[in-house]
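Next come the chains, spelled out residue by residue.
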Amino acid sequence: MRKQKTTTIYLGPQHPGITGNMMVKLEVDGDTIVKAETHIGYLHRGFEKLMERRNWLQSFTIVCRICVPEPDPNEENYARGVEEIEGREVPEKARWIRMLVLELARIQAYLLWYGGQSASVGLYTIGQWSIGDRNYVLDLFEELTGGRVYHMYIWPGGVRRDLPKGFKDRVYKVMDYIEKRLDDYDRLLFDNAIFQKRAQGVGYIPPEKAIEWGVVGPPLRATGTKSDVRIDEPYEFYDQVEFVVPDFYKTSDVWARALVRRFEIRQAINIVRQVLDKMPEKGPVWNKIPNPHKWRIPRGDAYVKTESARGEFGYYVVSDGSQFPRRVHVRGPAYVHGITLLEKILVGQNISDVSMIMNSLGTCPPEMER
Amino acid sequence: MSWFNIKGITNPLTALGQVAKKPHTIRFPYEEKPAAERYRGLHYNDIDYCIGCGNCAEICMNKAIDMVPVEGIEPKKGDSGLRPRIDNGRCCWCGLCVDVCPTGSLSLTREYIFVSPNPEDFLWMPGISNPDGKDKRSWRSNDLNFSINTYEREKMPMLDPKERVKSFAEVVLGYEEDQARREAQRCLSCGLCTEACPEHMHIPEYINAIAWGADDDSLRIIYDNNPLPETCGKVCTRRCEEVCALAKRGEPVAIRWLKRYATERALNADEIKEIVNPPIAPKNGKTVGVIGAGPAGLTVGYYLALRGFDVEIYERNSRAGGMTMYGIPKYRLPLESLDKQIEYMKKVGVKFHFNTEVGKDISFDEIYQKYDAVFIGVGLQDAWKLGIEGEDADGVWSAIHFLRRVNEGERIDVGNRVVVVGGGNTAIDASRVSRRLGAEVIMLYRRRKQDMPADWEEIEDAEAEGVQIWTQGIPVKVITDEQGKVKALRYVKAEMVPDPRGGRPRPVPIEGSETDIECTTVIAAIGQSADYSFLPEKYHDKVKMNRGRIIVNEWGQTDDPKIFAGGDAVNRVADAISAIADGYRAVKGIVRLLLGEEALKQK
Ligand SMILES: Cc1cc2nc3c(=O)[nH]c(=O)nc-3n(C[C@H](O)[C@H](O)[C@H](O)COP(=O)(O)OP(=O)(O)OC[C@H]3O[C@@H](n4cnc5c(N)ncnc54)[C@H](O)[C@@H]3O)c2cc1C
């Protein structure tokens, strides 16, 4: 006699298929999910609160930690937020360098995604390749910023250091290499019957609901919506580079989202090349801030946003006129994607697809509980 | 089934093509991959270059840095003796500590592997724990453009040199408000200056107040231990700026000009009183007599008056201020400025007896009997003589007598060519004053320019005003005309001979190099001495002297417990702030003597 029709299982917080320290509580009927509930709180470090007790410069070192796989949009947002309230100019070259960093960050984030997405359907070779190749981008970061993962490089007023000698050439080289490798990945992932079978039609987001549900980034574009902060509200010099926002994959499933990313990593490589070509050779890269211990930002607030690899990333920065931020509110894509959206679209899906769907949404726990 | 096609099966198999390729992630045998040139790895600190300012610890948002004493490094002026210790367990390698290090001694290295089973080992002293780190430095702030500190000082507005020599108008015009705020913002609040200041003024605190726009607070903080801040704001010898952490690689914070800015906010004595509004203790019935209204005596007067003492100052001149009134020229310290400060002192209850010379108008004995304690702050009122032939001729002056007469408002006729002998600040003052009196001025100094004890800024200013500096010349004779008036100064050229004992090189006359400088006036500015003739014989065994200076203990007290002393008559530094510090020390001594040890603790 079965008293209970459904079973409760916990995916995470320690599970190789989960995208970080979070947990999804699933109620399943057989293999089919009837209810999903996201549980967070395993990674709470209170970044937003910490910043209220750090001065405006110290806080800049915290924000990168809000997203491990792609920290730079956080740095960019924080810097732009502060600059907007203070009215601080950023030298031209610094703005080009910021774009370079942001696009390199996008490329490495997508390379990481290749690994996660393919591993979630049991294809491990691609991950071994793409994460190995990602290290070439991290090498570039190390050379430019002194750090591989957390760069702490984009800061209020510009960037921390100028490009090292011969850096541009090395970036071109890595870009060429990765572009070539993408064809290898295609053969292993996108051509692969396994991935096609698993990804198509799975994790569907109803396009008419997407905006209402707060979907952003590749998942939104995979519904056929043309939406990208870089085009809609260009920051830095994004209005001076050419790239295509893919709105032609419309099936709104894991497959379409993968295709969007496959397309966008190539666009990013192109943007990097344009940035390198257009960047001035000389010029300052930082508009020096005053003594950080006595640096007060005038009372005011600013909402700034950046298109990260996972979608629109927003920061609301408030100053009460003191040396410390009154509030830095972080609105990352994962908050919606990993909680409300995930809970909705998991219903009716198979247990074995949860990990794949999460990867296609770019859920990232540190960003949900910053 | 759209997903099924033959390519979907065969294409993934192309991965097999990689089998023969050299792997790029696994390297065997192990190859070390050196970190990037600006890698942010473990810290290194150039221990000898570090001054222990603690700015790294201050900026660290993880509080991973502590400043700790190190064996073999003693605290000294401009060096706290402490060095940073990093808790590598807390560090996040953001490198802000490096970017704010004012000296550039701290850096991160390309080293990034550190393994130890002992948690204590992760607390380590950069540069001491890894002396070999020097060659591995990577993240540095040697390019000042990327250091967070601002190394350039706000430019002080000054009169044009051509304008200056036309009058005794004040040369330095003072900071505008926005300039002062910016300059104050540069300060890192490390406090090395406080240690270097003879009076240990609360420098970071009052600069902070200016940075935050709280000028009144700033003035209150300043008056806490300096009763003549406007004087110091204009003419202080500013030992603080020499040790400023920013001075290692840039221009020190303009501490003196900021103090000046704060004091100038109060326009008159009433405003000072209103802003500073010091609590004045009820009268305690004790009386103190002070001899000399110079900075030392005034300090004693002010702080004792605040503590409820009856203080009376005896001054033989008609005005207070001592050398700051009669020595320092008015284009550096205008009369109104000094008057304003003295006026304020009178308002808090300091009493003056002007034109009263102790030893003549009133005897020392009388003062000694009348008061519970006596403070001697008589300064150095006599000038050293050149000791050369013709020195008594008409037209030969000692600098302090010359300056005194000018400061009293007399217009002295110096003729058209003045030779000033000496290389100190007094010589510079006499030269610049002579320029203002319309003469061509030559400063004759025994040694080289770099040996001149005068403030470099003063030297620059003097030259800008047209003072010629002739170095390595020793005067030997004043030549006079028939009326006994100066006609020329004869001097010999000197060569610098290294001191075998390691002291500074000595000037030695070159034989046969005598030269005459034609001139109308000669001013000797080679030093001063004290006149203790007011002090009767019987006190001499208690008030002891050493090479012209009175000997006192750490309370400013002589061997007669009732007699205190300070200022130029005691210290060998001979500047206003040291006189103030001496006065302040004697205040504590007198409070201790008359009110007891306990009273010292309450402020
Ligand atoms: C030309 C010149 C320029 C200077 N420039 C600077 C400068 O830029 N910055 C700086 O910090 N310092 C400067 N100084 C030094 C500074 O002025 C002195 O160090 C300071 O004034 C010493 O203070 P004091 O109280 O010890 O003595 P003084 O200022 O000399 O005061 C002693 C007072 O005692 C009085 N007195 C003496 N004997 C008797 C007596 N028997 N009876 C009654 N009264 C008596 C004197 O009249 C005098 O008023 C300068 C000095 C000179 C001469």
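Residues numbered from 1 in each chain as written. Chains lettered and ligands numbered in written order. Predicted model: local features only at pLDDT ≥ 70, side-chain atom pairs only at ≥ 80, totals over all residues. Heavy atoms only, no water.

## Thoughts on the overall build of chain A
Phase 1: From N to C terminus, chain A includes 14 helices and 8 strands.
Phase 2: In terms of principal-axis extent, the alpha carbons of chain A reach across some 75 × 45 × 35 Å.
Phase 3: In chain A, which comprises 370 residues, the share counted as buried stands at 65%.
Phase 4: Look at the contacts in chain A between residues 6 or more apart in sequence, and 72% of them connect residues 24 or more apart. (Helix = DSSP H or I, 4+ residues; strand = E, 2+ residues; numbered from the N terminus. Buried < 20%, exposed > 50% of the residue type's maximum accessible area, 1.4 Å probe, protein only. Contact = heavy atoms within 4.5 Å.)

## What about the environment of I66(A)?
Residues and elements named next belong to chain A.
Phase 1: Position of I66 relative to the elements: it lies in the loop between helix 2 (60–63) and helix 3 (72–86).
Phase 2: Counting along the chain gives 20 residues from I66 to G46, while the straight-line C-alpha distance between them is 9.7 Å.
Phase 3: Non-local contacts of I66, meaning those with residues more than four positions away in its chain, are made with F47, M51, N74, Y315, V330, P366, E367 and R370.

## Quick look at a nonpolar patch on the surface
All names here are of chain B.
Phase 1: Taken together, the side chains of L13, L16 and V19 define a hydrophobic patch exposed on the protein surface, amounting to about 340 Å² of accessible area.
Phase 2: Summarising the element assignment, L16 is placed in the loop between helix 1 (7–10) and strand 1 (43–45).
Phase 3: According to the relative accessible area criterion, L16 is exposed, its value standing at 60%. (Patch = residues over 30% accessible without salt bridge, like charges linked within 9 Å, V, L, I, M, F, W, Y side chains within 5 Å. Areas by Shrake-Rupley, 256 points an atom, 1.4 Å probe, with all protein chains shown as cover. Salt bridge = Lys/Arg side-chain N within 4 Å of Asp/Glu carboxyl O.)

## Considerations on the side chain of N55(A)
Phase 1: In this fold, N55(A) is placed in the loop between helix 1 (47–52) and helix 2.
Phase 2: At 2.8 Å, the side chain of N55(A) and the backbone nitrogen of Q58(A) are in polar contact.
Phase 3: If sequence neighbours within four positions are ignored, N55(A) has contacts with P292(A), H293(A), Q323(A), F324(A), P325(A) and I59(B). (Polar contact = N/O pair within 3.5 Å; in protein donor to acceptor, adjacent residues only side chain to side chain.)

## Let's talk about the site of the ligand
Residues and elements named next belong to chain B.
Phase 1: By nearness alone, 37 residues border the ligand, and V235, E315, M323, R332 and D568 come closest of all.
Phase 2: In the model, a nitrogen atom of the ligand is placed 3.3 Å from a nitrogen or oxygen of the R316 main chain.
Phase 3: Residue D575 places a main-chain N or O atom 3.3 Å away from an oxygen atom belonging to the ligand.
Phase 4: Its free accessible area being 990 Å², the ligand has 97% of it covered by the protein chains.
Phase 5: Considered class by class, the residues forming the shell around the ligand number 16 nonpolar, 14 polar and 7 charged.
Phase 6: The residues that make up the shell around the ligand include at least three from each of domain 3 (278–381 + 537–601) and domain 4 (383–498 + 505–527). (Near = heavy atom within 4 Å. Nonpolar A, V, L, I, M, F, W, Y, C, P; charged D, E, K, R; others polar. Domains from an automatic or database assignment.)

## As for the sheet that holds strand 3 (residues 32–39) of chain A
Residues and elements named next belong to chain A.
Phase 1: Taken in spatial order, the 3 strands of this open sheet run 1-2-3, and their pairing is antiparallel. Both outer strands of the open sheet, strand 1 (7–11) and strand 3, are each paired with one neighbouring strand and no more. Between one strand axis and the next, the sheet turns by 25° as a mean value, whatever way the strands run.
Phase 2: Inspection of the sheet shows strand 1 paired to strand 2 (residues 23–29) by 5 bridges, in the antiparallel sense. Bridging across to strand 2, I9 finds its partner in L26. (Pairing = 2+ DSSP bridges. Axes fitted to C-alpha atoms, helices over the stretch in contact; angles between N-to-C directions.)

## Here's the deal with the packing of aromatic side chains
In this description, a pair of aromatic rings is defined by centroid distance and the angle of the planes.
Residues and elements named next belong to chain A.
Phase 1: This model, assessed by the stated rule, comprises 32 aromatic pairs over all chains.
Phase 2: With a centroid separation of 4.6 Å and an interplanar angle of 35°, the aromatic rings of W155 and W286 are classed as tilted. Residue W155 is located in strand 4 (residues 154–155), and its partner W286 is located in the loop between helix 11 (254–278) and strand 6 (300–308); the two are separated by 131 residues in the primary sequence.
Phase 3: Relative accessible area serves as the criterion here: at 8%, W286 is assigned to the buried category.
Phase 4: Taken together through their ring pairs, the aromatic side chains of W113, Y114, Y185, F190, F195 and W255 make up a single cluster. (Phe/Tyr/Trp six-rings, centres within 6.5 Å; stacked < 30°, edge-to-face > 60°.)

## So, the sheet that holds strand 6 of chain A
All names here are of chain A.
Phase 1: Pairing is antiparallel across the open sheet formed by 3 strands, whose spatial order is 6-7-8. With one partner strand each, in any of the chains shown, strand 6 and strand 8 (325–331) form the two edges of the open sheet. Averaged over all adjacent pairs, the angle separating strand axes in this sheet is 15°, with direction ignored.
Phase 2: By the bridge criterion, 9 bridges tie strand 6 to strand 7 (residues 311–319) in an arrangement that is antiparallel. Bridge pairing in strand 7 links D301 to V318.
Phase 3: Sheet contacts for helix 3: strand 6, strand 7 and strand 8; angle to strand 6, the most-contacted strand, approximately 150°.
Phase 4: Contacting strand 6, strand 7 and strand 8, helix 12 (residues 333–345) runs over the sheet at an angle of about 120° to strand 7.

## Some remarks on the pattern of salt bridges
All names here are of chain B.
Phase 1: All chains considered together, the criterion is met by 89 salt bridges over all chains.
Phase 2: Of the charged contacts, one joins R585 and D582 as a salt bridge, the two residues approaching to 3.4 Å between their closest N and O atoms. Separated by 3 residues within a single helix, R585 and D582 lie in helix 20 (residues 576–595), roughly one turn from each other.
Phase 3: Overall, the relative accessible area of 7% leaves D582 in the buried class.
Phase 4: Salt bridges sharing common partners tie together R164, R332, D429, R432, R436, E458, D461 and E465.

## Here we look at the domain arrangement of chain B
All names here are of chain B.
Phase 1: As assigned here, chain B comprises domain 1 (43–146), domain 2 (165–275), domain 3 (278–381 + 537–601) and domain 4 (383–498 + 505–527).
Phase 2: Computed over C-alpha atoms only, the centres of domain 2 and domain 4 are separated by 33 Å.
Phase 3: The interface is formed by 6 residues belonging to domain 2 together with 9 residues belonging to domain 4.
Phase 4: Buried area between domain 2 and domain 4, summed over both chains or domains, comes out near 740 Å², and the portion from carbon and sulfur atoms is 52%.
Phase 5: Considering only the surface of domain 2 that becomes buried against domain 4, V165, F168 and R238 emerge as the three largest contributors, covering 69% of it.
Phase 6: Viewed at the interface, domain 4 and domain 2 are joined by 3 salt bridges. (Buried area = accessible area lost by both parts, 1.4 Å probe.)

## As for the interface of chain B and chain A
Phase 1: With 51 residues of chain B at the contact, the number on the chain A side is 51 residues.
Phase 2: Regarding the contact of chain B and chain A, the summed buried area is about 4,000 Å², with carbon and sulfur atoms giving 55% of it.
Phase 3: Inspection of the region where chain B meets chain A yields 4 salt bridges.
Phase 4: Here D139(A) and K33(B) are joined by a salt bridge, their closest N and O atoms 3.2 Å apart.
Phase 5: Counting across the interface, chain B meets chain A through 27 residue pairs in polar contact (both at pLDDT 80 or more).
Phase 6: Counting only elements with at least two residues in the side of chain B that touches chain A, the list comes to helix 1, helix 2 (55–59), helix 3 (96–100), helix 5 (177–185) and helix 7 (203–211) of chain B.
Phase 7: Residue composition of the side of chain B that touches chain A, by class: 25 nonpolar, 18 polar and 8 charged.

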